[in-house]
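# Breakdown of the fold
Here is how the chains run, residue by residue.
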Amino acid sequence: MSFNMNRINPNQTQVFFHDGRFETLTNEELEDFLLQMGISEVNETIEQSVTD
């Protein structure tokens, strides 16, 4: 499943799927989503971008 992410505020990220759907997720929901997708490295990148 392909998707792009866009941080819209410190606690929310929009996830855009290539089939046209999108979801707005809280940090906790995003972490769960990424774990389900098997992506753990992105969490560190997102956390770094929030603190920068």
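The sections below set out a description of the structure shown in this document. (Residues numbered from 1 in each chain as written. Predicted model: local features only at pLDDT ≥ 70, side-chain atom pairs only at ≥ 80, totals over all residues. Heavy atoms only, no water.)

Below, the discussion takes up the overall build of the chain. For the chain, the helix and strand inventory stands at two helices and three strands. When the helices and strands of the chain are listed from N to C terminus, the series reads β-β-β-α-α. In the chain, the proportion of contacts linking residues at least 24 apart, taken out of those at least 6 apart, comes to 18%. Accessible area of the chain: about 3,800 Å², with a carbon and sulfur share of 48%. (Helix = DSSP H or I, 4+ residues; strand = E, 2+ residues; numbered from the N terminus. Contact = heavy atoms within 4.5 Å. Areas by Shrake-Rupley, 256 points an atom, 1.4 Å probe, with all protein chains shown as cover.)

All buried positions along helix 1 (residues 27-37) are accounted for by Leu30, Phe33 and Leu34. The buried residues of helix 1 occupy an angular sector of 95° when projected down its axis, which confines them to one face. Set apart from the buried face of helix 1 by more than 90 degrees, the exposed residues are Glu28, Leu35 and Gln36. Note on helix 1: the residue one or two positions beyond its end, Gly38, has a positive phi of about 80°. (Buried < 20%, exposed > 50% of the residue type's maximum accessible area, 1.4 Å probe, protein only. Arc of directions from axis to C-beta.)

This part takes up the packing of aromatic side chains. Taken as a whole and assessed by the stated rule, the structure comprises four aromatic pairs. Seen in terms of ring centroids, Phe3 and Phe33 are 5.1 Å apart; in terms of plane orientation they differ by 70°. Their pairing is edge-to-face. Here the residue Phe3 occupies a position in strand 1 (residues 3-9), and Phe33 occupies one in helix 1, the gap between them amounting to 30 residues. Look at Phe3 and you get buried, because its relative accessible area is 17%. Between Phe17 and Phe33, the aromatic rings sit 5.9 Å apart at their centres with planes inclined by 85°, giving edge-to-face as the arrangement. (Phe/Tyr/Trp six-rings, centres within 6.5 Å; stacked < 30°, edge-to-face > 60°.)

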